[in-house]
Structure formats: C-alpha cells, structure tokens
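# Tertiary structure, described
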Amino acid sequence: MNSTKITYFTLSTYFDTGHFKYLYFMIIISLYLFIAGANVLLIVVICAKRSLHEPMYMFLCSLFVNELYGSTGLFPFLLVQILSDVHNVSVPLCFLQIYCVYLYANVEIFTLGVMSYDRYVAVCFPLQYKTRMTCCKVAKIITFIWLCNAVNAAVLICVTATFQLCGNIINKVWCDCPSVTKLACSNTTFSDIYVPVYLLIVFFPIISLIFFSYMGILKVCFSGSKQTRQKAVSTCTPHLISLLNFYLGAFFELTQGRFNVSHVPDMLRAFLSLYWLMCPPVLNPILYGLSITKIRNICMNLTVRRRK
C-alpha cells in the first residue's frame, strides 16, 4: 500500500447522537469543571498550609497536578468533538494529545508506585519515616518522575512522527500511539521493541515495588496490634482504591489496543477508552479530600469561613 502525506486523522468511534450531543456536552463539561475545581482546591490547600508540607501531601499535590494536566489534555478536545459533525483532528494536534495523555499516564503510574513505598515506610518503620522520607528527597523524586516521563513521552512522539502512514482512520475517541502505529506502512521495528523494553525496565519494577510494599504492610498488620492495623487501614485504603481504579482503567485501554474489539458496541468502547482518563481525576480528589483528616478539616474550615 502506498504512503501518502497525511494532514489529519479521522476519529471513527464517534457516532451521530442527534440532539443528545448537547446532553453529553453538558455532562462532560460538568465533569471537567468539577475535576478542575476540586484538584485546584486541593493543590492550593496543600501548598498554602505549612502543616501539610510533608512527604505524603507532596506526593498528593503532584498527583493532583498531574490529574489536572491530564484532564486538560483530554476534556477540551472531547467537548469540541462532541459538538462537531466532522470528527477530524490535525496531525500536530493529535500528536500533542498523545504526548499529554502518555505523560499523564506515566506520571500517574510512577507517583502511585512511589506513594505505595511511602505508605510502606510510614506503616512498617514509623520511627524512621522522617529520616527516610525527607521533604528534600521527595522533591527530588517528584522532579525525577516528571522529567523522566516528559523525555520518555517526547521520544515516543518523535519516533511515531517519523512513520510513513497509509491511512488516517483512528478507531478511538482520542488520539493514541498504537492506533497511529497501526496506520504505518514503514518499518516500525524500533517502536515495536521500544515499548516492550520500556515495560520490562520501568513498568514491571514499579508493579514489583507496589506488590512488595503492600506485602510488607500486610505482614505488619497481621503481626501488629489492633492500633497498628487501624492506622494501616486508614492510611492505605485511599491509595489502594486509587491504585486499583487507575490500573483497572489502564487494563481496559491496553486490552482495546492489543485485541480486536470491533464487535463491542461503540458506546461501551468509548466509555472503556475514557475510563482511565476520566475516573481517576474525578475519584481521587473526593477520596483523599474526604478520607484524610487534615485535608478534610482544612477544606471544611474554608467552607465555614465563606458562609460566614
């Protein structure tokens, strides 16, 4: 098949919803406004209150910044596409969205992984926590996470952008790298090798870190006192729910990228594709804002002051 100069991609998963598109538009914009408002509130609270300048809250602040960034890379694009009759996207804008989404996904994976180790140290070595997890160390870890993944996402985009394409139909509601790679009629060997190697070197060590951290926490829970178990449950439950929620969505997305899901209804396919990009930014501010006493009390105090 001959390659051609592709100037735009067509997102084929969108379908005619008639006047319901205005309802979907209102739902999506409401979700985005909630995500933006909730995450900005928690970022401001953590940055403004000196009592929250601790390792756990610094990781949470990075998590909220990432979710605000990731949702901004997706929701405005969705809103435009929902109201549009022609679902085309220019090649530069498509690659920009791929960069934003992949940076969001990788920062989320790294941050959740490091947070599991932070909880492990807090539960299993409470007396050594302040020396092991200093604010300086945490700041360096957060900086490394963002810089490392920014470079990784840039490498992925640069490699994908060199492919000669033989088509422009993407079977998704947003741009992603596997869909663009499937359209390539040039050699994609480097990309085919790069992704598995990246998963092997980076992704699986993070999964191992999470697994061994929680194995250590469970060991302490079973062998420790009732007070220790209560502390472990209260401090780890929000993180564990956040972790499972994100990885469940990532599993849906990886399944769609690797297998033929053309038999799946368009609405369900669109939902599963968006789950990992929409649900964590909605759930996490609620989860951490309500379950962590310090954050909840500060937010409640701010609410009471505004009412007065």
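Conventions and cut-offs
- Residues numbered from 1 in each chain as written.
- Predicted model: local features only at pLDDT ≥ 70, side-chain atom pairs only at ≥ 80, totals over all residues.
- Heavy atoms only, no water.
- Helix = DSSP H or I, 4+ residues; strand = E, 2+ residues; numbered from the N terminus.
- Buried < 20%, exposed > 50% of the residue type's maximum accessible area, 1.4 Å probe, protein only.
- Contact = heavy atoms within 4.5 Å.
- Areas by Shrake-Rupley, 256 points an atom, 1.4 Å probe, with all protein chains shown as cover.
- Lys, Arg positive; Asp, Glu negative; His and termini not counted.
- Charge placed at Lys NZ, Arg CZ, Asp CG, Glu CD.
- Pairing = 2+ DSSP bridges.
- Salt bridge = Lys/Arg side-chain N within 4 Å of Asp/Glu carboxyl O.
- Phe/Tyr/Trp six-rings, centres within 6.5 Å; stacked < 30°, edge-to-face > 60°.
- Lys NZ or Arg CZ within 6 Å of the ring centre and 35° of its normal.
- Polar contact = N/O pair within 3.5 Å; in protein donor to acceptor, adjacent residues only side chain to side chain.
- Axes fitted to C-alpha atoms, helices over the stretch in contact; angles between N-to-C directions.
- Disulfide = S-S within 2.5 Å.
- Patch = residues over 30% accessible without salt bridge, like charges linked within 9 Å, V, L, I, M, F, W, Y side chains within 5 Å.

A few words now on the overall build of the protein chain. Each helix and strand counted, the protein chain has 10 helices and 3 strands in total. For the protein chain, the N- to C-terminal ordering of α and β elements is β-α-α-β-α-α-α-β-α-α-α-α-α. Structurally, the protein chain occupies a C-alpha span of about 65 × 50 × 35 Å along its principal axes. The buried share among the 308 residues of the protein chain stands at 48%. Within the protein chain, contacts between residues at least 6 apart in sequence are counted, and of these 81% link residues at least 24 apart. Summing over all exposed atoms, the protein chain offers an accessible surface of approximately 16200 Å²; the carbon and sulfur share of this is 70%. Each charge class in the protein chain was averaged separately, 23 positive and 10 negative side chains, and the resulting centres sit 19 Å apart.

Let us look at the pairing of strand β1 (residues 8-11). The two faces of the sheet receive side chains in turn, since in a regular strand these alternate between them. Only one face of β1 is covered, namely the one carrying Phe-9 and Leu-11; the face carrying Tyr-8 and Thr-10 has none of its residues buried. Pairing geometry for β1 and strand β2 (residues 88-90), over 3 bridges, is antiparallel. Within β2, the residue paired with Tyr-8 across the bridge is Ser-90.

By the definition in use, this model includes 3 salt bridges. Between Asp-85 and Lys-21 there is a salt bridge, with its nearest N and O atoms 3.5 Å apart. Taken together, the positions of Asp-85 in the loop between α2 (55-83) and β2 and Lys-21 in helix α1 (residues 20-48) put the pair 64 residues apart, joining distant regions of the chain.

What follows concerns the packing of aromatic side chains. Overall, the coordinates contain 16 aromatic pairs when judged by the stated rule. Ring centres of Phe-251 and Phe-252 lie 6.4 Å apart, and the angle between their planes is 50 degrees; this geometry places the pair in the tilted category. Ring plane angle 75 degrees and centroid distance 5.9 Å describe the contact between Phe-271 and Tyr-275, whose orientation is recorded as edge-to-face. Of the two residues, Phe-271 and Tyr-275 are both situated in helix α9 (residues 266-291); the distance of 4 residues between them amounts to about one turn of the helix. Take Phe-271: its relative accessible area is 47%, and that puts it in the partly exposed class. Note that Arg-132 overlies the ring of Phe-125, its terminal NZ or CZ placed 4.3 Å from the centroid.

Structurally, Ser-179 can be placed in helix α6 (residues 177-182). Polar side-chain contacts of Ser-179 include one of 2.4 Å to the side chain of Asp-176.

To continue, consider the sheet that holds β1. Taken in spatial order, the 3 strands make up an open sheet running β2-β1-β3, and their pairing is mixed. Both outer strands of the open sheet, β2 and β3 (169-170), are each paired with one neighbouring strand and no more. Here 2 bridges tie β1 to β3, and the two strands are oriented parallel to one another. Within β3, the position partnered with Thr-10 by the bridge is Ile-169. Across the sheet, helix α3 (residues 91-124) is in contact with β1, β2 and β3; its angle to β2 comes to roughly 85 degrees.

A word on the side chain of Asn-245. Take Asn-245: it is sitting in helix α8 (residues 226-258). A relative accessible area of 9% places Asn-245 in the buried class. When sequence neighbours within four positions are dropped, the list of residues in contact with Asn-245 reads Tyr-275, Cys-279, Pro-280 and Leu-283.

The next thing to look at is the state of the cysteines. Across all of its chains, the model carries 2 disulfides by this definition. Sulfur-sulfur distance for the disulfide between Cys-166 and Cys-185 comes to 1.9 Å. On the S-S bond that ties Cys-166 to Cys-185, the torsion sits near 110 degrees, and the link is right-handed. In this pair, Cys-166 is assigned in the loop between α5 (135-161) and β3 and Cys-185 in the loop between α6 and α7 (189-223), connecting sequence segments 19 residues apart. Cys-185 sits in the partly exposed class, given a relative accessible area of 35%. Along the protein chain, the cysteines that take part in disulfide bonds pair up as 1-3, 2-4, counted in sequence order. Cys-177 provides the cysteine sulfur closest to Cys-158, a residue in no disulfide bond, and the two sulfurs are 11 Å apart.

Taken together, the side chains of Ile-193, Val-197, Leu-199, Leu-200, Ile-201, Phe-204 and Ile-207 present a nonpolar region at the surface, about 630 Å² in accessible area. Along the chain, Ile-201 turns up in helix α7. Taking relative accessible area as the criterion, Ile-201 reaches 57% and is therefore assigned exposed.

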